[in-house]
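# Examining the three-dimensional arrangement
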Amino acid sequence: MQLILSIGRTFSKQFDRFYTLKAVKTGLIIVIGLFFLIGFLSGCSQLKTRKKDDLMSDKFSFETEDGASKLIGDCASIGNYHPIQVHGYGLVNCLPGTGGDDINSLERRIVYDEMNRMGIRDVRAILANPTTAVVNILGYMRPGIQEGDFFDVEVRLPPETTAKSLRGGWLMKTKLEEMAFLNGSLKEGRTLALVEGPIMIDDPLATESSNSAGLKQGVILSGARVKESRSLTLHMKSGAESAFATDRIAKEINNRFFVSVGQKKGMATAKTDSLIVLDVHPDYAKDVARYVRVIQSIACYENKAKQLRRIERLKTELLIPEKSQQAAFQLEALGKKGIEVLRGGLNSSNAEVRFHAAASLAYLGDGTPAKILADIARNEPAFRVYALNALSVLRTDIEAEMALQELLHVPSAETRYGAFRALYNRNQYDRTIRGENLGNQFSYHGIATSGPAMVHISKSKRPEIVLLGSDIHIKQPFGLEAGAIIFVNGQSPQNVVVKKFALSGIDEQRTVSNKLDEVIRAVVELGGTYPDVFQMLVQADQMKVLSCRLEIDCLPEPNRVYRRPGSNEDEEPSPELSQKKTVWERMNPKNWFNTNPGGNSSDFEGTTNTSVRE
């Protein structure tokens, strides 16, 4: 109290001319004294906090025991790096009398309640109609998926239903929610996506007698649209938790990865002393696994002298095949500072070294190695998928565009289609591959090529048909089905009749030539969907009436083993590599990252093995 009064008296002298009453002066003395005392105590508190932070920074070292700079991967582990399962119950309509109803099923009760909440009339009559069926819907949202992105979903009839087939069906708009079992019961989470679209059954040639199960389940390609983006997380390892460390690491990430939309925005946000939220940079949206590897290769903190010494070390390690990949990731993590050293790797006589240097340069926006990446994509199957991904990142580089265009003419089917997808990811309006949205049903592309003619259709990721070659036709005579109610009759040597049998009303038909392009367009004009055209093409290929080869999902395979020069070619691969991975094993991050880039790395979506399609 004496301290308060002493401080107050000092300042009260300045106010004597204004205040003469003793009570007022006493009150003023106390107030002013309290003000300065609070300020003094606050300063002490801040001093203690700063000392605590200083102690924490001293306790946590950004150096290893041998004095090298710690990388983020040494201090933190990646989180939220697993697929999220989403689930829903929906109603399929437009079935050609193959639907059904089961009033006792859980799925039916859920759909019934939802339709009532939406204010739909005559719900019972709609569900009992043979053109409708209630279905289960299941999908997986990949790590790093962004708002507005699309993903595939599986659709299947419940076991109790009387419905016979989903062929020709259209799923009405349905919510997909994160689901979890808690205390033995199923709990609904928040709505993460909305889905609708035509159903492509698992076996396009299935019948009730040959494969009835294949009629009761299918997929909607890119049918689900994401409502909110998924961020990754970094979790500080034991002994590294501190606000000082997370702030420092977030700052280093933001110095390397940011976007400029009006103002600079970094990709990392330190939330607590053990958690950093990490957004996916747009340049790595198609390869989140690589993004994680580069993030893990950023130094937590190092001064310029240490950084220069590390760059000199990486310059040597880049040229050693066994260390080249890790060195390239660290140089890529440095940003523009790593370009000069990476360019030196392009001159190596070793293909593995050239590949790692070229790929990292591409992700740094340097188009110098475009031709090298194209040669690797053409000649080395183990690196093909990564080389094409790297070329697709060079969106404004003319050399990369020309290199990919040249790959459209090579004999390898997967290289040609891989080059098409790289061009599409790079710029979907590229004059070479630009197509059209046919009937608002699927992406349709006709590409002139000097290579052998080929038709490619997709069974995953997005509905798409690509015709490589100009003179592709269906050899007559033939009779094909395009869905449940459209038939393609090519018995006449001159014409092909495409006919739609209406469930109610008047039948429609189109007469065209036997050119595949005209037949496809006629089917779509009559209301055919992508699954209908898909079925027709698969049937034509099976009947051997298609004038060229048909390929399905012919993308380069990421899970290939690269054998270094001098290794034993006859050596049997380890059981772990030779044994086919399950879906869950492929999704496990431990299987995505391997020091051998031909191993199980970088593609969590899991493409089909196409190594026999050279």
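Keep in mind that this is a model prediction, so the values were computed, not measured. (Residues numbered from 1 in each chain as written. Predicted model: local features only at pLDDT ≥ 70, side-chain atom pairs only at ≥ 80, totals over all residues. Heavy atoms only, no water.)

### Some remarks on the overall build of the protein
Assigned secondary structure in the protein consists of 21 helices and 22 strands. Out of the 614 residues in the protein, the part that is buried amounts to 47%. Restricting the contact set of the protein to residue pairs at least 6 apart, pairs at least 24 apart contribute 66%. (Helix = DSSP H or I, 4+ residues; strand = E, 2+ residues; numbered from the N terminus. Buried < 20%, exposed > 50% of the residue type's maximum accessible area, 1.4 Å probe, protein only. Contact = heavy atoms within 4.5 Å.)

### Re the nonpolar core
Grouped together as the largest cluster of nonpolar side chains are 85 residues, with contacts concentrated most on Ile253 and Tyr291. The greatest single-element share of this core, amounting to nine residues, is contributed by helix H14 (residues 381-393). Excluding anything up to four places from it in sequence, Ile253 contacts Ile72, Leu234, Ala268, Leu278, Ile295 and Ile298. (Core = buried A, V, L, I, M, F, W, Y, C linked by side-chain atoms within 4.5 Å.)

### What to know about the sheet that holds strand E12 (residues 268-270)
Ordered by their spatial adjacency, four strands build an open sheet running E1-E9-E13-E12, and the pairing between neighbours is antiparallel. The sheet is open, and its two borders are formed by strand E1 (76-79) and E12, each paired with just one other strand. On average, adjacent strands in this sheet sit at an angle of 25° to one another, irrespective of strand direction. Here strand E9 (residues 232-236) runs beside strand E13 (residues 275-278); their pairing, made up of four bridges, is antiparallel. Among the inter-strand pairings, Thr233 is bridged to a residue of E13, identified as Val277. (Pairing = 2+ DSSP bridges. Axes fitted to C-alpha atoms, helices over the stretch in contact; angles between N-to-C directions.)

### Things to note about the packing of aromatic side chains
Enumeration over the complete set of coordinates arrives at 13 aromatic pairs. When the ring centre of Phe257 is taken as origin, the NZ or CZ atom of Arg256, which lies over that ring, is 4.3 Å away. One Lys or Arg, Arg462, reaches over the ring of Tyr424 and ends 3.7 Å from the middle of that ring. (Phe/Tyr/Trp six-rings, centres within 6.5 Å; stacked < 30°, edge-to-face > 60°. Lys NZ or Arg CZ within 6 Å of the ring centre and 35° of its normal.)

### Focus: the packing of helix H15 (residues 398-407) against helix H16 (residues 413-426)
Close contact between H15 and H16 brings their axes to 8 Å; oriented N to C, the two are set at 150°. Crossing hand, H15 versus H16: left-handed. Packed against H15, whose contacting residues are Ile398, Ala400, Glu401, Leu404, Gln405 and Leu407, the element H16 presents Thr415, Arg416, Ala419, Ala422, Leu423 and Arg426 at the interface. Looking at the contact of H15 with H16, its residues break down into seven nonpolar, two polar and three charged. (Left-handed = near helix turned anticlockwise from the far one by under 90°. Nonpolar A, V, L, I, M, F, W, Y, C, P; charged D, E, K, R; others polar.)

### Quick look at unusual backbone geometry
Trans is the prevailing form of peptide bonds, just as negative phi is the prevailing case for residues other than glycine. Omega for the bond connecting Gln476 with Pro477 falls within 30 degrees of zero, at 0°, which places this linkage in the cis form. Inspection of the secondary structure puts Pro477 in the loop between strand E17 (464-468) and strand E18 (479-481). At Lys544, a position not held by glycine, the phi torsion is positive, near 60°. In this fold, Lys544 is placed in the loop between helix H18 (530-542) and strand E22 (549-552). Overall, the relative accessible area of 67% leaves Lys544 in the exposed class.

### A closer look at the sheet that holds E17
Backbone hydrogen bonds hold the strands of a sheet together, and the pairing may be parallel or antiparallel. Pairing is mixed across the open sheet formed by five strands, whose spatial order is E14-E15-E17-E16-E22. Single-partner strands in this sheet number two, and they are strand E14 (436-438) and E22. Strand-to-strand twist across the sheet, computed as the mean angle between neighbouring axes with direction ignored, equals 25°. Here H16 sits on the sheet in contact with strand E15 (442-447), strand E16 (454-457), E17 and E22, set at roughly 120° to E17.

### Observations concerning the side chain of Arg290
Tracing the sequence through the fold places Arg290 in helix H8 (residues 288-296). Polar contacts involving the side chain of Arg290 include one to the side chain of Glu332, which spans 2.7 Å. (Polar contact = N/O pair within 3.5 Å; in protein donor to acceptor, adjacent residues only side chain to side chain.)

### Observations regarding the environment of Gln85
Relative to the elements of secondary structure, Gln85 occurs in strand E2 (residues 84-93). On a C-alpha basis, the gap between Gln85 and Met179 in space is 7.1 Å, while along the polypeptide they are 94 residues apart.

### Quick notes on the pattern of salt bridges
Evaluated as defined, the whole model comprises 24 salt bridges. Between Asp149 and Arg142 there is a salt bridge; the shortest N-O distance is 3.7 Å. As a salt-bridge pair, Glu414 and Arg384 come within 2.5 Å of each other at their nearest N and O atoms. Here Arg384 lies in helix H14 and Glu414 lies in helix H16, a separation of 30 residues in the sequence. Its relative accessible area of 0% is what places Glu414 among the buried residues. For Arg384, a relative accessible area of 1% corresponds to the buried category. (Salt bridge = Lys/Arg side-chain N within 4 Å of Asp/Glu carboxyl O.)

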